Amino acid sequence: DKHDLSKFNKDTLPLYLQQLCDKMSHEASIFTANHNEANHVLINEYQRGQGIIAHQDGPLYYGRVAIISLLSTLCISFYKRPPLKNNNMECPATHQLILEPQSCLVFEYDLYRDLFHTIHECTYDV
């Protein structure tokens, strides 16, 4: 069953990540404390020109995502169906958002549940 959470081990987060999650739950109210707290942390580093393939996060995670951009500007694009290639004219993005360094994007509902999101492989975003 693809919705079975028992195959995942729940590890204790390193202190710095736990503090970040606590701030997102208790101070910023991005996630609700004691109910649907952040349940997954990914840390990715992308080199100039790298991106991530269009994807949906799926039902294993709480239906809200917080993306934090630390050091660089990026453009995240949302699609009704995955584009065949970067900036596919047959499937234009429904939304495109610029994240500046040290910013946080939170999305949920239709953007999380129904749309694919990607960061295109390109050497510039704006």
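Relevant structure appears above.
An account of the accompanying structure is given in this report. (Residues numbered from 1 in each chain as written. Predicted model: local features only at pLDDT ≥ 70, side-chain atom pairs only at ≥ 80, totals over all residues. Heavy atoms only, no water.)

### Quick word on the pairing of strand β6 (residues 116-119)
And step 1. Where burial is concerned, the two faces of β6 agree: the one with F116 and T118 and the one with H117 and I119 are both buried.
And step 2. Sheet analysis places strand β3 (residues 74-79) next to β6, joined by 3 bridges and oriented antiparallel. Across the sheet, F78 pairs through a bridge with H117, a residue of β6. (Buried < 20%, exposed > 50% of the residue type's maximum accessible area, 1.4 Å probe, protein only. Helix = DSSP H or I, 4+ residues; strand = E, 2+ residues; numbered from the N terminus. Pairing = 2+ DSSP bridges.)

### A closer look at the packing of aromatic side chains
And step 1. Enumeration according to the criterion identifies 1 aromatic pair in this entry.
And step 2. Ring centres of F78 and F107 lie 5.1 Å apart, and the angle between their planes is 85°; on these two criteria the pair is classed as edge-to-face. Taken as a pair, F78 in strand β3 and F107 in strand β5 (residues 103-108) lie far apart in primary sequence, 29 residues in all. (Phe/Tyr/Trp six-rings, centres within 6.5 Å; stacked < 30°, edge-to-face > 60°.)

### As for a nonpolar patch on the surface
And step 1. Judged by side-chain polarity, L20, I68, L70 and L71 come together as a nonpolar surface patch covering roughly 420 Å² of accessible area.
And step 2. Tracing the chain through its elements places L20 in helix α1 (residues 15-27).
And step 3. You can call L20 partly exposed: its relative accessible area is 35%. (Patch = residues over 30% accessible without salt bridge, like charges linked within 9 Å, V, L, I, M, F, W, Y side chains within 5 Å. Areas by Shrake-Rupley, 256 points an atom, 1.4 Å probe, with all protein chains shown as cover. Salt bridge = Lys/Arg side-chain N within 4 Å of Asp/Glu carboxyl O.)

Nothing here speaks to function; it is geometry throughout.
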